[in-house]
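Survey of secondary and tertiary structure
Here is how the chains run, residue by residue.
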Amino acid sequence: MKLSAKRSPSVLCVALNPAIDQTIEVAGMRVGEVNRAQRAQQDAGGKGVNVASCLADHGVEVAVTGLLGRANAGLFEALFTTKQISNECVYLDGLTRINTKLVDPQKGETTDINLPGPQLSAAGMADCLRDILAVVERNAASLSWLVLSGSLPPGWPADTYATLIQQAHAYGMRVMVDTSGPALGAALLAGPDIIKPNRDELGAHLGRRLVTQEETAAAARELLDAQPMLSLIVVSMGHEGALFITREAVVHAHPLPVKPLSSVGAGDAMVAGIVAAQLEALNLPDCARLATAFAAGKLERLGAHLPDARRVRELALQVQLDNK
Ligand SMILES: Nc1ncnc2c1ncn2[C@@H]1O[C@H](COP(=O)(O)OP(=O)(O)OP(=O)(O)O)[C@@H](O)[C@H]1O
Ligand SMILES: [Mg+2]
């Protein structure tokens, strides 16, 4: 294979609001004084990038588009090169936002300091969206899934995902959405094929607290009734696992008893697993098994990475399902 050969992605992940996750470990940190750090780590992250990272680990041909600040794009570019992810990002002047976690292992405290990303005018946002729509169009021949993950950057129109869904559907692609708040509300109006809210996000969308699994499944059924394009809703519930809800069935996938190294990106890994299952045309129980195995496999690792395919298959075989 020629290394320069352009790959043909079957999945395009949209990362409008990526971030560099920076962790700095300072034992006994004192505010307002000079502190000595023991360890620092920077990872390219953000939900869209995490989903692409897990799909690439599973051997799926995947591309990422979204907005990267030129000044610190190197970490993302290195990840994309290592995992053979096609880089279709739009570059902006300035920095991609950096989210810093100051971890104090002595006090068991974490302090978060989150920077804003590049600031854009309304015209700048419209230009970026046009560029991203052009990426969808350029890759339309090979793409079967568009994945829209995470929040919109501040100031972006709430119907941004809706515009992308319409374009993807016009090219015959299917669309997975994992977002919350007004962006989820607007996306639902455009009829995505699959959504993966967590229980709080689904409850917030419907304006009520969802406590039991029965209430949660009934809430998802309401959305399926209201939106004919939706074929599957996966509601993740952290350590309670996830509900996989179609018009015909409700499957509860119990979580696997893994020792979580880091809970960052468990939901993103689950999104990747659901899309991977669709590419393999798996039935609902096998989709629930694979998605849960992706989440568990990621939990065993520090960043948004999966263990090797054999371990993922092993985990999938251990997933317990209940029909509700
Ligand atoms: N503590 C845990 N133990 C085992 N499995 C877990 C645990 N937490 C999460 N999972 C697995 O990961 C899946 C997704 O987790 P969760 O519901 O927390 O996603 P989320 O809220 O969307 O997270 P994210 O912050 O990544 O968006 C769960 O359905 C479950 O299978
Ligand atoms: Mg989530």
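In this report, the structure presented in the accompanying data block is examined. (Residues numbered from 1 in each chain as written. Chains lettered and ligands numbered in written order. Predicted model: local features only at pLDDT ≥ 70, side-chain atom pairs only at ≥ 80, totals over all residues. Heavy atoms only, no water.)

1. Details of the overall build of the protein chain
- A tally of helices and strands in the protein chain yields 10 helices and 15 strands.
- C-alpha atoms of the protein chain, sized along the principal axes, occupy 60 × 45 × 45 Å.
- By residue count, 52% of the 324 residues in the protein chain fall in the buried class.
- Per element, the accessible surface of the protein chain, about 15,000 Å² overall, is 53% carbon and sulfur.
- Side chains of the protein chain carry 29 positive and 33 negative charges; the gap between the two charge centres is 4 Å. (Helix = DSSP H or I, 4+ residues; strand = E, 2+ residues; numbered from the N terminus. Buried < 20%, exposed > 50% of the residue type's maximum accessible area, 1.4 Å probe, protein only. Areas by Shrake-Rupley, 256 points an atom, 1.4 Å probe, with all protein chains shown as cover. Lys, Arg positive; Asp, Glu negative; His and termini not counted. Charge placed at Lys NZ, Arg CZ, Asp CG, Glu CD.)

2. Looking at unusual backbone geometry
- Although it is not a glycine, Gln84 sits at a positive phi angle of roughly 55 degrees.
- A relative accessible area of 38% means that Gln84 is categorised as partly exposed.
- We note that Ala281 has phi near 55 degrees; this positive angle belongs to a residue other than glycine.
- For Ala281, the location among the structural elements is in the loop between α8 (266-279) and α9 (284-299).
- For Ala281, a relative accessible area of 66% translates into the label exposed.

3. Some remarks on the sheet that holds strand β2 (residues 19-25)
- With respect to topology, four strands assemble into an open sheet ordered β3-β2-β7-β8, the strand pairing being mixed. Of all strands in the sheet, those bounded by a partner on one side alone are β3 (39-45) and β8 (109-114). Each strand axis lies, on average, 15 degrees off the axis of its neighbour in the sheet, ignoring direction.
- Note that strand β7 (residues 98-104) and β8 share six bridges and pair antiparallel. Residue pairing across strands places Asp104 opposite Glu109, the latter belonging to β8.
- Helix α2 (residues 74-82) contacts β2 and β3 of the sheet and is inclined by roughly 70 degrees relative to β3. (Pairing = 2+ DSSP bridges. Axes fitted to C-alpha atoms, helices over the stretch in contact; angles between N-to-C directions. Contact = heavy atoms within 4.5 Å.)

4. Let's talk about the pattern of salt bridges
- For the structure shown, the criterion picks out 14 salt bridges.
- With its nearest N and O atoms 3.0 Å apart, the salt bridge here joins Arg138 to Glu88. With Arg138 in helix α3 (residues 122-138) and Glu88 in the loop between β5 (86-87) and β6 (90-92), this residue pair connects regions lying 50 residues apart in the sequence.
- Owing to a relative accessible area of 9%, Glu88 belongs among the buried residues under this scheme.
- As a salt-bridge pair, Arg311 and Glu300 come within 2.7 Å of each other at their nearest N and O atoms. (Salt bridge = Lys/Arg side-chain N within 4 Å of Asp/Glu carboxyl O.)

5. Some remarks on the pairing of strand β4 (residues 62-69)
- For β4, the buried fraction is high: eight of the eight residues fall into the buried class.
- The alternating pattern of β4 places Val62, Val64, Gly66 and Leu68 and Ala63, Thr65, Leu67 and Gly69 on opposite faces, both of which are buried.
- As defined by bridge partners, strand β1 (residues 11-15) adjoins β4 across five bridges and the pair is classed as parallel. Of the residues in β4, the one forming a bridge with Val11 is Val62.
- Strand direction decides the pairing type here: β4 and β5, joined by two bridges, are parallel. Following the sheet pairing, Val64 is matched in β5 by Asn87.
- The parallel pair β4 and β5, bridged by α2, forms a crossover whose chirality is right-handed.
- Inspection of the sheet shows β4 paired to β6 by three bridges, in the parallel sense. (Right-handed = clockwise from strand over helix to strand, strands pointing away.)

6. Describing the side chain of Asn72
- The residue Asn72 is located in the loop between β4 and α2 in this model.
- Taking relative accessible area as the criterion, Asn72 reaches 13% and is therefore assigned buried.
- Once residues lying within four places of it in the same chain are set aside, the contact partners of Asn72 are Ile20, Gly94, Leu95, Thr96 and Ile98.

7. Regarding the site of ligand 1
- Ligand 1 sits among 18 residues. The nearest are Lys47, Asn198, Ser236, Gly238 and Gly267.
- Contacts to ligand 1 include Asn198, whose side-chain N or O atom sits 2.9 Å from an oxygen atom.
- Contact between ligand 1 and Met237: an oxygen atom at 3.4 Å from a main-chain N or O atom of the residue.
- Counting only elements with at least two residues in the shell around ligand 1, the list comes to α8 and α9.
- Tallying contributions element by element places α8 first for the shell around ligand 1, with four residues.
- Residue classes in the shell around ligand 1 are distributed as eight nonpolar, seven polar and three charged. (Near = heavy atom within 4 Å. Polar contact = N/O pair within 3.5 Å; in protein donor to acceptor, adjacent residues only side chain to side chain. Nonpolar A, V, L, I, M, F, W, Y, C, P; charged D, E, K, R; others polar.)

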